[in-house]
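Report on the structure
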Amino acid sequence: MAIDLDRCTGCMACSVACQAENNVSFRADESDKLRSITWLEVYHLQNGKEYPDYQFTYLPRPCMHCDSPHHSPCTFVCPVNATTRDEVSGIVNHIYPRCIGCRYCIVACPYHARDFNWWDPKWPKSMESMLSPEVSTRMRGVVEKCTFCHHRLLKARSKAYLDGIDPNEATYVPACAEACPTKAITFGNLLDPESEVAKLSKDPRAFRILAKLNTEPKVYYLSKHQWVHKLGDNSF
Amino acid sequence: MDKALIPEGVKRCPLPAFALWVLVLLGVIGWGVYAGIMVLLKALNLTGLNDYFGFGLYITVDLAIIALGAGAFFSGFLYYGLSRFFPALKELHKIINLAVIVGFVCYTGALAVLLLEIGQPIRGWFGYWHANVHSMLTEVIFCITCYAIVLVIEYVPIVLENRKLSEIKPLRLFGHNLHELMAIFALTGTFLSFFHQGSLGGVAGVLFARPFAYRTGFFIWPWTFFLFIFSAIASGPGFTALICRAIEKVTGKNLVDRSVYELIAKIVGGLLLFYITLKIADTLYWALVLAPEAGLKLTDFYWGPYGIWLLVTEIIICGVIPAILLLTPQTRQSNIIMFSMFFLNCVGVCINRFVMTVQAIAAPVMPFDKWEIYVPTVYEWAPCIAMVAYCILIISLSYRYLPLFPRERELNPAP
């Protein structure tokens, strides 16, 4: 995934789309932000200078689906193999019925991309019929996170199979990228050098958050501002 | 009936006084059990934990109590394993029963609190069924279970030494035979507990995306793996000695010879010096090499309540000073200094476990993150305090009804 921060307006459409697509539960009082479940959190970054040099940007943060050798920071710590990385798609997934809720993966993730279900998930009665049947809801006491809309990948693979195409060639777009009105989010196969996302990852404006920790995040950010690069990684 | 259960030739407090003491402890345990049940029923939202602080008081207390309980396996290792080569260690025979009981209560208490810590306690057995061999937590789960079983086996013969129980021939024979096998169990326990203490250190050390906790290491084990072992064996015997001293103070009796405390002080002092030297080396490497590699400097890891004072207290006040004073014969002569140093040593290991659990995740990693502060709620304090009450209860019952101290009769002759 590549996210062009110079295009992002901070409209939060990506976050809302993610919430709706993935049946992310919420509470009547969401004032405790350290306990609210947000798969795609939008950060507000500032350059710390006074007007007229003041600048700010928004930074949407999905799960980075880290590509570090052998294991992602979260996958190898899970004692019950509830979170695993699919080495074909590169997606880091979470098996909710297997999760024991030890939260070791939350501790291991430096991006705060993982959320714990502190309460039983509930939706207003009128919203229950709007829940997506393609994504399972999560129970209290387990961890959840962005899956790059893995269910859409499965759907695309099934369709490719039926169409007589190699399922590994199937392409799809996650809900956040689809919802972005400025097309700031580009999604695709980073391993395919011809894909747009692979080209964007080589862009001189591209950087990754905390690249120096060797987590190898699969989410690239694009910004022409050096202060944004510096805020993304201490190594600049 | 109470009198019939008390070991022969020793004096214990009147039953009403003991019953009142037990009642107080049961009250505290009841309070903790209530809080624990509420957490199980209403979930972890009752705690101070959140998505920033995935680990908190439960884990800190577990790590600390398990480190302090290391006196059991290490004293067992010294007594059953090494005393044949170093006869001076045979002196530990006088305190080994207490060491086993301290280890037993620490481990079983920690297991009870651990049950509250997981969001889906009913799935706790998944740790054995879906075990991820790459996870340090898997190593913890297996080692803590096996070692808790070993501690039960070690505790059983002590229980069977009770006056009334030993009158039953099959039980007496069973207990005696277990005693004969104890060296094997003690050494098995040593092996398991070495790994267990180490894997608890590994839990933090392998977090390569958390610069505060991450350490390089040897093969698959980060340096914290070894540091946790050394810190546990450097503090565990001292903790056992402190408990023994506390029982002596409460009961007004001499229970072990001073030479036992002297020996423990020498062992603890030497191990602490060894550990703290490695810890200082590790801290320097972390501050000067690992942190800069992650784009951070030492001062980035300390802020507000999680200040540098924690590092100074842990290493200097609770490490270097106790090591020096315990190894100096003159200062070791003073009971006040010796037991204070044991206490500081135990405080140091608790700070270390807190720092590697809570501060490790309080420190921001992303440059646009900010520090957060973790405040445990009463639902976290109550089960932890209850666990301490449980430990005191088992030790109290064991002291009253079991012949824990072989020298008690000689040291406290009847008037």
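What comes next concerns the included structure. (Residues numbered from 1 in each chain as written. Chains lettered and ligands numbered in written order. Predicted model: local features only at pLDDT ≥ 70, side-chain atom pairs only at ≥ 80, totals over all residues.)

1. Details of the overall build of chain B
The helix and strand inventory of chain B stands at 15 helices and two strands. A globule of 415 residues ought to have a C-alpha radius of gyration of about 22 Å, and chain B, at 22 Å, matches this closely. Counting only C-alpha atoms and orienting by the principal axes, one finds that chain B spans roughly 70 × 55 × 35 Å. Across the 415 residues of chain B, 50% fall into the buried class. (Helix = DSSP H or I, 4+ residues; strand = E, 2+ residues; numbered from the N terminus. Rg over C-alpha atoms; globule rule 2.2 N^0.38 Å. Buried ≥ 20, exposed ≤ 12 C-beta atoms within 10 Å, placed from the backbone.)

2. Describing the interface of chain B and chain A
Facing 37 residues of chain B, the contacting portion of chain A comprises 43 residues. Counting residues per element, the ones that place at least two in the side of chain B that touches chain A are α6 (126-129) and α7 (136-160) of chain B. Among the elements that take part in the side of chain B that touches chain A, α7 of chain B stands out by supplying three residues, more than any other. Looking at the side of chain B that touches chain A residue by residue, the classes come out as 20 nonpolar, 13 polar and four charged. (Contact = placed C-beta atoms within 7 Å. Nonpolar A, V, L, I, M, F, W, Y, C, P; charged D, E, K, R; others polar.)

3. Quick notes on the sheet that holds strand β10 (residues 220-222) of chain A
Residue and element names in this part refer to chain A. In spatial order, the strands read β8-β1-β10-β9; together these four strands make up an open sheet with mixed pairing. Two strands close off the open sheet at either side, each with one partner strand: β8 (185-186) and β9 (206-207). Of the strand pairs in this sheet, strand β1 (residues 2-4) and β8 are connected by two bridges, and their pairing is antiparallel. The residue bridging alanine 2 from the neighbouring strand is threonine 186, located in β8. (Pairing = 2+ DSSP bridges.)

4. A short note on helix α4 (residues 70-82) of chain B
All names here are of chain B. Of all 13 residues in α4, 11 are buried; the element is thus mostly enclosed. Residues Ala70, Gly71, Ala72, Phe73, Phe74, Ser75, Gly76, Phe77, Leu78, Tyr79 and Tyr80 constitute the buried set of α4. Buried-residue contacts for α4 involve α3 (57-68), α5 (96-117), α7, α8 (169-205) and α9 (223-251).

5. Section: the packing of α9 of chain B against helix α10 (residues 258-293) of chain B
All names here are of chain B. α10 packs onto α9 with a crossing angle of 155 degrees between their chain directions and a minimal axis gap of 9 Å. Considered as vectors, α9 and α10 are oriented roughly antiparallel to each other. Considering the relative orientation of α9 and α10, their crossing is left-handed. Contact residues: Trp223, Leu227, Phe230, Ser231, Ile233, Ala234, Pro237, Gly238 and Ala241 in α9; Tyr261, Ile264, Ile267, Val268, Leu271, Leu272, Phe274, Tyr275, Leu278, Lys279 and Asp282 in α10. (Axes fitted to C-alpha atoms, helices over the stretch in contact; angles between N-to-C directions. Parallel < 35°, antiparallel > 145°, perpendicular 65-115°, else oblique. Left-handed = near helix turned anticlockwise from the far one by under 90°.)

6. Notes on unusual backbone geometry
Residue and element names in this part refer to chain A. Of the consecutive residues tyrosine 51 and proline 52, the connecting peptide bond is found in the cis state with omega at 10 degrees. Mapped onto the secondary structure, proline 52 falls in the loop between β2 (41-46) and β3 (56-61). Even without being a glycine, leucine 210 presents a positive backbone phi close to 55 degrees. Counting through the fold element by element, leucine 210 comes out in the loop between β9 and β10.

7. Some thoughts on the environment of isoleucine 3 of chain A
Structurally, isoleucine 3 of chain A can be placed in strand β1. Residues within four places of isoleucine 3 of chain A in sequence aside, it is in contact with Cys8, Pro60, Ala184, Ile185, Val219 and Tyr221 of chain A.

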